[in-house]
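Residue-level structure breakdown
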Protein chains: 2
Amino acid sequence: MSRASALTTTSYAILGLLAVKSWSTYELTRQMDRSLGRMWPRAQSKLYEEPKKLVEYGLAEASAERVGRRPRTTYSITPIGRRALAAWLQEPGEGPVLEFEQLLKIFFAECGTKADALSTLAATRAWAKQRNEGNLAAARTYLAGEGPFQHRLAQHMLAGAFLTDFYAMVARWAEWATTMVNQWPDDPGQATPDRAAIEEIVRRATW
Amino acid sequence: MSRASALTTTSYAILGLLAVKSWSTYELTRQMDRSLGRMWPRAQSKLYEEPKKLVEYGLAEASAERVGRRPRTTYSITPIGRRALAAWLQEPGEGPVLEFEQLLKIFFAECGTKADALSTLAATRAWAKQRNEGNLAAARTYLAGEGPFQHRLAQHMLAGAFLTDFYAMVARWAEWATTMVNQWPDDPGQATPDRAAIEEIVRRATW
DNA sequence: TTCTTCATGTAATTAGTTACATGATTGA
DNA sequence: TCAATCATGTAACTAATTACATGAAGAA
């Protein structure tokens, strides 16, 4: 009967989903794969665990059903939950946190081969392309007036625009970096920096 | 005497730093604050723990000194460590993972007030501005021919360019989103999507 | 009927963070 | 000589992941 620990951003992320409608746990995992996971990625098992904490705090209610012999739990938000969510939205929140293994590999590229760096960048381009396609498909669906939660479109669009711009930025960077690495000698350790490129970066950073 | 668990990306991040030069643990934490933390953020205490694992695997060596009555541990990479790093660089690696609490708040903005959304976006703009300034200062230092590790400039520049572009993208998005939210009615739940804006996003996603 | 995929959940493990503790150094 | 900051490290905790297990539903 230990007291649940404090609410985390993950708790509020799920609470936010519950504010839209009630979901079964499995539906929550679907939503994580679709939209939420792009800005707040969490493992599936978290989505089975975290709502229990919301219930313990009175922010959500669980209702148990049966599908054959199996249990299914559906969660809904409570009035207290709505107030808690509103209070959370008043706080400024944290800026973006980025974890980018491929960039790390580029950063240490002089310890590997030129081919390594080029294939890492190719993987980055492929990643951006794939993400973009999924994102674009969703946007087109909405544009066609389909897709769920049309009443949340104004908010959804802002977040979607961020992801769109992010994927485009990643793709453009990877392309540019590829042209840079192509100019390297075979031993990346001997690569000399492109002075004009640095000046260009400084220019892009001046706004 | 339990066997160390497998090497993680964090292990390789530190191994990469050791490939540049030997560092004391504290110097590693400085480096995390400066450069590494922008692409692979980890808590300080990790930097005291992770090198021990590298030593256990024979990828690094620890040398113990004394500063007055206090111990200081300095780590250096071994030949095995260099080979392990090179092997890691051959694998494609993971694409960017983003955690963005403020974006989550925008995504759920209809549960709060218009003022909440605007202040969240203001915080995002401030974040981008601040990060950009630090980044720009570093770039200018390099451009002036100062700064450490001039021989790694070609690699450093590629990573720096990514961050530059990222910060600029975040700032531009936050400005654009602010103009969008400014057009909302007082109740964000009543905000209607801007059809032209959606078309514009689709255009930006088409490349 | 069997295979595959959808759906539901728990248990074990770990990577990572927060908090704590304290010595060394420097400058007011 | 006192306070503040730099420097060094450990311990306790927890958020999150990976792995596991299995029933239901629909296709072949």
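Calculation notes
- Residues numbered from 1 in each chain as written.
- Chains lettered and ligands numbered in written order.
- Predicted model: local features only at pLDDT ≥ 70, side-chain atom pairs only at ≥ 80, totals over all residues.
- Heavy atoms only, no water.
- Core = buried A, V, L, I, M, F, W, Y, C linked by side-chain atoms within 4.5 Å.
- Buried < 20%, exposed > 50% of the residue type's maximum accessible area, 1.4 Å probe, protein only.
- Contact = heavy atoms within 4.5 Å.
- Least-squares fit on C-alpha atoms with pLDDT ≥ 70 in both.
- Near = heavy atom within 4 Å.
- Polar contact = N/O pair within 3.5 Å; in protein donor to acceptor, adjacent residues only side chain to side chain.
- Domains from an automatic or database assignment.
- Buried area = accessible area lost by both parts, 1.4 Å probe.
- Helix = DSSP H or I, 4+ residues; strand = E, 2+ residues; numbered from the N terminus.
- Salt bridge = Lys/Arg side-chain N within 4 Å of Asp/Glu carboxyl O.
- Nonpolar A, V, L, I, M, F, W, Y, C, P; charged D, E, K, R; others polar.
- Pairing = 2+ DSSP bridges.
- Phe/Tyr/Trp six-rings, centres within 6.5 Å; stacked < 30°, edge-to-face > 60°.
- Lys NZ or Arg CZ within 6 Å of the ring centre and 35° of its normal.
- Axes fitted to C-alpha atoms, helices over the stretch in contact; angles between N-to-C directions.
- Parallel < 35°, antiparallel > 145°, perpendicular 65-115°, else oblique.
- Left-handed = near helix turned anticlockwise from the far one by under 90°.

Some details on the nonpolar core
With 134 residues, the main nonpolar core has Phe162 and Trp173 of chain A together with Phe162, Phe166 and Trp173 of chain B as its most contacted residues. Contact partners of Phe166 of chain B, with chain neighbours within four places excluded, come to Pro96, Phe162, Phe166 and Met169 of chain A together with Leu98 and Trp127 of chain B.

Things to note about the relation of the copies chain A and chain B
When chain A is fitted onto chain B, the two copies agree to an RMSD of 0.0 Å after a turn of 180° and an axial shift of 0.0 Å. Within this description, the copies of the chain are treated as partners about a two-fold rotation axis. Judged by C-alpha distance, Leu98 of chain A is the residue of chain A that lies nearest the rotation axis, at 2.4 Å. Interface overlap between copies: 99% of the residues of chain A at the interface are likewise at the interface in chain B, consistent with a symmetric, same-surface contact.

A look at the protein's contact with DNA strand C
Near DNA strand C you find 21 residues, and of these Tyr26, Arg70 and Arg72 of chain A together with Ala43 and Arg69 of chain B are the closest. Here, DNA strand C places atoms within 4 Å of the protein, and 64% of those atoms are sugar or phosphate. Interatomic distance of 2.7 Å between a side-chain N/O atom of Tyr26 of chain A and a phosphate oxygen of DNA strand C. In this structure, a base nitrogen belonging to DNA strand C sits 2.7 Å away from a side-chain N or O atom of Arg70 of chain B.

Some details on the domain arrangement of chain A
Residues and elements named next belong to chain A. By domain assignment, chain A separates into domain 1 (9–90) and domain 2 (101–204). One C-alpha centre belongs to domain 1, the other to domain 2; they are set 32 Å apart. Between domain 1 and domain 2, the residue contacts involve 7 residues of the former and 7 residues of the latter. Interface of domain 1 and domain 2: buried area, both sides summed, is about 510 Å²; carbon and sulfur atoms make up 75% of it. Ranked by residues supplied to the side of domain 1 that touches domain 2, first place goes to helix H2 (residues 25–39) with 4 residues.

Considerations on the interface of chain A and chain B
Listed as interface residues are 92 residues of chain A and, on the opposing side, 92 residues of chain B. Of the roughly 9,200 Å² buried at the junction of chain A and chain B (both faces included), carbon and sulfur atoms supply 71%. When the buried area of chain A at its contact with chain B is split by residue, Phe107, Phe162 and Trp207 of chain A rank highest and sum to 9% of it. Between the two partners, chain A and chain B, sit 6 salt bridges. Taking the shortest distance from any N to any O, the salt bridge between Arg204 of chain A and Asp165 of chain B comes out at 2.7 Å. The tally of links from chain A across to chain B stands at 28 residue pairs in polar contact (both at pLDDT 80 or more). Among the elements that line the side of chain A that touches chain B, the one with the most residues is helix H7 (residues 153–182) of chain A, at 22 residues. Looking at the side of chain A that touches chain B, its residues break down into 59 nonpolar, 16 polar and 17 charged.

Quick word on the pairing of strand E2 (residues 60–67) of chain B
As a general feature of sheets, a regular strand has side chains that alternate between the two faces. Where E2 of chain B lies against strand E3 (residues 70–77) of chain B, 8 bridges are found, and the strand directions are antiparallel. Counted as the bridge partner of Glu65 of chain B is Arg72 of chain B from E3 of chain B.

Concerning the packing of aromatic side chains
Two descriptors summarise a pair of aromatic rings, namely the distance from one centre to the other and the angle between the planes of the rings. Taken as a whole and assessed by the stated rule, the structure comprises 19 aromatic pairs over all chains. Seen in terms of ring centroids, Trp173 of chain A and Phe162 of chain B are 5.1 Å apart; in terms of plane orientation they differ by 80°. Their pairing is edge-to-face. Note that Trp173 of chain A is positioned in helix H7 and Phe162 of chain B in helix H7 (residues 153–182), a pairing that runs across two chains. With respect to class, Trp173 of chain A is no different from Phe162 of chain B; both count as buried. An aromatic cluster is built from Phe100, Trp127, Phe162, Phe166, Tyr167 and Trp173 of chain A together with Phe100, Trp127, Phe162, Phe166, Tyr167 and Trp173 of chain B, whose rings are joined through pairwise contacts. Taking NZ or CZ as reference, Lys21 of chain A lies 4.2 Å from the ring centre of Trp23 of chain A, over its face. The ring of Trp88 of chain A carries Lys105 of chain B above its face, with NZ or CZ at 4.3 Å from the centroid.

Side note on the pattern of salt bridges
Using the criterion set out here, one finds 23 salt bridges over all chains in the structure. The partner of Arg195 of chain A in a salt bridge is Glu199 of chain A, and the shortest N-O contact between them spans 3.9 Å. A residue pair is termed a helical-turn pair when its members lie 3 or 4 positions apart in one helix, as Arg195 of chain A and Glu199 of chain A do in helix H8 (residues 195–204) at 4 residues. Judged by its relative accessible area of 34%, Glu199 of chain A falls in the partly exposed class. The salt bridge partner of Glu27 of chain B is Lys21 of chain B, with a shortest N-O separation of 4.0 Å. With relative accessibility at 33%, the residue Glu27 of chain B sits in the partly exposed group.

Some remarks on the packing of H8 of chain A against helix H6 (residues 114–143) of chain B
Packing of H8 of chain A against H6 of chain B leaves a shortest axis separation of 10 Å and a crossing angle of 155°. Considering the angle they form, H8 of chain A stands roughly antiparallel to H6 of chain B. The way H8 of chain A lies across H6 of chain B gives a crossing that is left-handed. Contact with H8 of chain A, carried on its side by Arg195, Ile198, Glu199 and Val202 of chain A, involves Leu136, Ala139, Arg140 and Leu143 of chain B of H6 of chain B and no other residues of that element.

Examining the protein's contact with DNA strand D
In the vicinity of DNA strand D there are 22 residues, among which Ala43 and Arg69 of chain A together with Tyr26, Arg70 and Arg72 of chain B approach most closely. At 3.0 Å from a base oxygen of DNA strand D is found a side-chain nitrogen or oxygen belonging to Ser45 of chain A. In this structure, Thr25 of chain B approaches DNA strand D through a side-chain N or O atom, which is 3.3 Å from a phosphate oxygen. Ranked by the residues each element gives to the surface near DNA strand D, the list is headed by E3 of chain B, at 4 residues. Its residues placed into classes, the surface near DNA strand D shows 5 nonpolar, 9 polar and 8 charged.

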